[in-house]
Amino acid sequence: MTLTTINALLIEENLLEAQLFKAVVEAANNLSHHSLTPSAPKLQLHHVEQVKDAIAHLQKHTYDAILVSLESNHCHEQNHIQSLKRCAPQIPVVLISATPHTEIAHPTSENRRINNNFTASKAVQIDADSYLNKRDLLSPERLSNLGRAQVGAMLVMHIQHTVQTVAIAHQLTVSQEAYKRLETSLHREKRKVRQLAWQAAHDPLTQLFIRASLVASLDNAISEATQLTARTHALCYLDLDYFKIINDTCGHQAGDTLLRQITELWRNQVRDTDLLARIGGDEFALLLHDCDRQKAIQIAHSFCDSVRSFRFTYSGQTFSLGVSIGIVTLDENTVVAGQTTEEI
């Protein structure tokens, strides 16, 4: 961020000190080249006496910085700065403290550092973006030793640094907020993608896998059955008995309710590694991983028993059901390398 001119609004009740501020700034602006800041921007200083006047100015004009130099107590300073921040939240505020170093009995370098730290801490507490000690900056001793131009250059440097720092902080905040928005948007899109992928792989009525998902898993199971470290899997075909009677007698809504209830009944009987799919109106398939024929038969009997014990009640009518199950094992003896699901 390169600044050629800084427009600053000075709030100073003391007209003599306001004139002194203007004098050192004018001297710095007239200095064509000085040792401290050869490329320092020009400082255009606009003076008002009261905060209310400053607020009126801020509503009509644009400024790069606000300099607050008021002989007020801590509470009033905080109120003033908060009023300015509400009016112009993006404009940096420099607190020019009138706290004299004479408050410390022996103004050694260490004491001076402590006093400066105290003032900086106070500036932060009341929402100022930086601070200057007026009694230090504009002391007769400093003006005599350095001259008005150099003192003015120091003031310009400080304001320039504050403006740039606040601008960087603001840009960082904007970038962080943009990143958070992007991150939120990405999370939202990922959720949508996951939801669409889930919907594409599942039956909307029963929430079971669909035929395409079963075929993909079967292809993997067939491949595993023909490898050197052959694994044995089992595929069960399940067809509900008497479903058509219930569907025709009570209507499709009853049929849908029955399918959902049967699904919940079976879902509690399968392992996490197994895959239960709906492949037709009342047809289902169960892929049992790492399961030999004997174990598959036991599981099939368990399914049959649960269906026989189940009673479906709808509109005051109660129905019994059954299920027919066929089993095929997938191992090196029943599967030929290179076969597909459709071929089997």
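Above this text sits the structure in question.
Residues numbered from 1 in each chain as written. Predicted model: local features only at pLDDT ≥ 70, side-chain atom pairs only at ≥ 80, totals over all residues. Heavy atoms only, no water.

(A) Quick peek at the sheet that holds strand β7 (residues 275–278). An order of β7-β8-β6-β11 is seen for the four strands of this open sheet, with the pairing classed as antiparallel. Edge strands, defined here as strands with exactly one partner in the open sheet, are β7 and β11 (322–330). This sheet shows a mean twist of 20 degrees between the axes of neighbouring strands, independent of strand direction. Pairing geometry for β7 and strand β8 (residues 283–288), over four bridges, is antiparallel. Pairing of A277 across the sheet is with A285, part of β8. Set on the sheet, helix α10 (residues 252–267) makes contact with β6 (233–241), β7, β8 and β11; between it and β6 the angle comes to about 150 degrees. (Pairing = 2+ DSSP bridges. Helix = DSSP H or I, 4+ residues; strand = E, 2+ residues; numbered from the N terminus. Axes fitted to C-alpha atoms, helices over the stretch in contact; angles between N-to-C directions. Contact = heavy atoms within 4.5 Å.)

(B) Quick peek at the environment of A88. Along the chain, A88 turns up in the loop between α3 (74–87) and β4 (93–97). Residues A88 and L58, spaced 30 residues apart in sequence, show a C-alpha to C-alpha distance of 7.1 Å.

(C) Up close: unusual backbone geometry. Backbone geometry at Y242 places phi at a positive 70 degrees, although glycine is not the residue there. Following the sequence through the fold, Y242 ends up in the loop between β6 and α9 (243–250). Even without being glycine, D290 reaches a positive phi, approximately 50 degrees. The topology assignment puts D290 in the loop between β8 and α11 (293–309).

(D) Local environment of the packing of aromatic side chains. Tallying each qualifying case throughout the model produces four aromatic pairs. Among the aromatic residues, those joined into a ring-pair cluster are W266, F284 and F303. (Phe/Tyr/Trp six-rings, centres within 6.5 Å; stacked < 30°, edge-to-face > 60°.)

(E) Summary view of the sheet that holds β4. Ordered by their spatial adjacency, five strands build an open sheet running β2-β1-β3-β4-β5, and the pairing between neighbours is parallel. Of all strands in the sheet, those bounded by a partner on one side alone are β2 (42–48) and β5 (130–133). Looking at each pair of strands side by side, their axes are set apart by 25 degrees on average, direction ignored. Those strands touched by helix α2 (residues 51–60) are β1 (5–12), β2 and β3 (65–69), and its axis lies near 150 degrees from that of β1. Against the sheet, helix α7 (residues 148–201) touches β1, β2, β3, β4 and β5, its axis set at about 165 degrees to β5.

(F) Region of the structure containing the packing of helix α1 (residues 15–30) against α7. Where α1 meets α7, the closest approach of the two axes is 7 Å, and the angle between their N-to-C directions is 95 degrees. Viewed along their axes, α1 and α7 adopt a mutual orientation that is roughly perpendicular. Where α1 approaches α7, its residues L20, F21, A23, V24, V25, A27 and A28 are matched on the opposing element by R148, A149, V151, G152, A153, L155 and V156. Considering only residue class, the contact of α1 with α7 consists of 12 nonpolar, one polar and one charged. (Parallel < 35°, antiparallel > 145°, perpendicular 65-115°, else oblique. Nonpolar A, V, L, I, M, F, W, Y, C, P; charged D, E, K, R; others polar.)

(G) Quick peek at a positive patch on the surface. Positive charge collects at one region of the surface, where R188, K190, R191 and R194 lie side by side. Along the polypeptide, R194 turns up in helix α7. (Patch = residues over 30% accessible without salt bridge, like charges linked within 9 Å, V, L, I, M, F, W, Y side chains within 5 Å. Areas by Shrake-Rupley, 256 points an atom, 1.4 Å probe, with all protein chains shown as cover. Salt bridge = Lys/Arg side-chain N within 4 Å of Asp/Glu carboxyl O. Lys, Arg positive; Asp, Glu negative; His and termini not counted. Charge placed at Lys NZ, Arg CZ, Asp CG, Glu CD.)

(H) Geometry of the pattern of salt bridges. Evaluation of the coordinates by the stated rule reveals 13 salt bridges. A salt bridge links R278 to D203; the nearest nitrogen and oxygen atoms lie 3.2 Å apart. Of the two residues, R278 sits in strand β7 while D203 sits in the loop between α7 and α8 (211–225), which places them 75 residues apart along the sequence. Given a relative accessible area of 18%, R278 falls into the buried group. The salt bridge involving R271 is made with D274; its shortest N-O contact spans 2.7 Å. A relative accessible area of 36% means that R271 is categorised as partly exposed. Residue classification places D274 among the buried positions, given a relative accessible area of 11%. (Buried < 20%, exposed > 50% of the residue type's maximum accessible area, 1.4 Å probe, protein only.)

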